Amino acid sequence: MMGWSLFCGLCFSLASIGTVSSDSLKVERLLGGIPSDETVSNSIVYFAKDFQGTPYLGGTLEAFPSERLVVRTDSVDCTTFVEYVTALAMTHQEGIRTYSAFRKCLQQLRYREGKIRGYVSRLHYFSDWIQDNVQKGILEEVTLDSPHEYRSVSLNFMTRHVSSYPMLSANRQLVEELREVENKWQHFQMPYIPKNILGEGKKVLKINDGDILALATSIKGLDVVHVGFAFWVNGKLHLLHASSVKGKVWLDAVPLVDYSKRIKSHIGVRVLRFH
């Protein structure tokens, strides 16, 4: 979905998108299964856990020749998993337990200013996704609440790797439009919690169950390569995510500090919290 989706196992798929009826049934089952007075943070945890075991599939947002709001809850990648769960929490917060309300929330989350205006209106880079959704009042970034560092980032990965993105390969005009977006993100000082302290406890990290964790990268031209949700297990921070390696949504068996140490380009995490 985003510039970093290549590293979430981007595989352009022309598989048929899940039917509206199956998606609507799942969405309304989830919305109807949680108490109306449940807190926002608990709703994130509830919805995220329900997706465990859902098959991994990349590229579902790229399956149409023109941009449209795609919903496919039977198969997810790391990005769509986070978006569906967050959109469910938004819908729950509004108290309207319908599939139509969920779709409106998803569009608000996925697109710049909540409006579909073609491929480039989708928030492809995660820093852009964060900024837009913070401005809309949906999320807050809490990275700075923990010990943190900064990396100077200039986003350009997508326009430098056009062949990896079918929509860009098919339409050079989109490349120029996306480059305009990237130009706004030159020498951005990106905050992140260094991966060497991710083994610390809650008192240091200030991360809650259900917070969105964005795995920051040292890869040139990119800011984030993977996303999921924070879960504490026996005092250790773990990642609940859609894993291309495991082929499904799962709660990683190893603590996040160990998961990140195995991947050289991971430098740490950014942390987002739903309002």
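Small disclaimer: the values here were computed from a predicted structure and weren't measured.

Taken over all residues, the pLDDT of the chain has a mean of 92, while the share at 70 or more is 92%. Note on residues 4-20: pLDDT is under 50 here. Beyond four places in sequence and across chains, it has 54 contacts.

With that out of the way, let us pick up the pairing of strand E7 (residues 248-251). Examined bridge by bridge, strand E6 (residues 236-243) and E7 share 4 bridges and lie antiparallel to one another. When the sheet's bridge partners are listed, Ala242 is paired in E7 with Val249. Joining the antiparallel neighbours E6 and E7 is a turn of 4 residues, in which Gly247 adopts a positive phi near 75°.

With that settled, the discussion passes to the packing of helix H3 (residues 78-94) against helix H4 (residues 99-110). Contact geometry for H3 and H4: axes closest at 8 Å, N-to-C directions at 125°. By the angle between their axes, H3 is oblique relative to H4. The two elements H3 and H4 cross, and the hand of that crossing is right-handed. Two secondary-structure elements touch here, H3 through Thr80, Glu83, Tyr84, Thr86, Ala87, Leu88, Met90, Thr91 and Glu94 and H4 through Ala101, Phe102, Cys105, Leu106, Gln108, Leu109 and Arg110. A class-by-class count of the residues in the contact of H3 with H4 yields 9 nonpolar, 4 polar and 3 charged.

The next thing to look at is the packing of aromatic side chains. In total, this model carries 7 aromatic pairs according to the counting rule given. Centroid distance Tyr84 to Phe102: 6.4 Å. Interplanar angle 50°. Geometry classified as tilted. You can see Tyr84 sitting in helix H3 and its partner Phe102 sitting in helix H4, a full 18 residues away along the chain. Neither residue differs from the other here; Tyr84 and Phe102 are each classed as buried. Each ring, one from Tyr99 and one from Phe102, has its centre 6.2 Å from the other, and the planes form 20°; the classification is stacked. Of this pair, Tyr99 and Phe102 both sit in helix H4, 3 residues apart, roughly one helical turn. Accessibility expressed as a relative area gives 0% for Phe102, which makes it buried.

With that out of the way, let us pick up H4. Because an α-helix completes one turn every 3.6 residues, residues spaced three or four positions apart along the sequence face the same direction. Over its 12 residues, H4 runs 16 Å from end to end, which matches the ideal 16 Å to within 8%, given 1.5 Å per residue. Three or more residues of H4 are buried, namely Tyr99, Ala101, Phe102, Cys105, Leu106, Leu109 and Arg110. Buried residues in H4, looked at end-on, bunch into an arc of 160°, giving them a common side.

Attention now goes to the nonpolar core. With 46 residues, the main nonpolar core has Phe51, Phe81, Phe102, Phe126, Trp129 and Phe229 as its most contacted residues. Take this core: its biggest share by element is 9 residues, from H3. For Phe102, the residues in contact, after removing those within four places along its chain, are Val27, Val71, Tyr84, Ala87, Leu88 and Thr91. Counting 22 residues, the second-largest nonpolar core is a separate cluster that includes Met158, Tyr165, Trp185 and Met190.

In the Ramachandran plot, His187 falls in the positive-phi region, its phi being about 60° despite a non-glycine side chain. Assignment of secondary structure puts His187 in the loop between helix H8 (172-183) and strand E3 (188-194). We note that Lys206 has phi near 55°; this positive angle belongs to a residue other than glycine. Within the fold, Lys206 resides in the loop between helix H9 (202-205) and strand E4 (212-217). Exposure remark for Lys206: the relative accessible area of 41% places this residue in the partly exposed category.

Thresholds applied
- Residues numbered from 1 in each chain as written.
- Predicted model: local features only at pLDDT ≥ 70, side-chain atom pairs only at ≥ 80, totals over all residues.
- Heavy atoms only, no water.
- pLDDT = per-residue confidence, 0-100.
- Contact = heavy atoms within 4.5 Å.
- Pairing = 2+ DSSP bridges.
- Helix = DSSP H or I, 4+ residues; strand = E, 2+ residues; numbered from the N terminus.
- Axes fitted to C-alpha atoms, helices over the stretch in contact; angles between N-to-C directions.
- Parallel < 35°, antiparallel > 145°, perpendicular 65-115°, else oblique.
- Left-handed = near helix turned anticlockwise from the far one by under 90°.
- Nonpolar A, V, L, I, M, F, W, Y, C, P; charged D, E, K, R; others polar.
- Phe/Tyr/Trp six-rings, centres within 6.5 Å; stacked < 30°, edge-to-face > 60°.
- Buried < 20%, exposed > 50% of the residue type's maximum accessible area, 1.4 Å probe, protein only.
- Expected span 1.5 Å × (residues − 1).
- Arc of directions from axis to C-beta.
- Core = buried A, V, L, I, M, F, W, Y, C linked by side-chain atoms within 4.5 Å.

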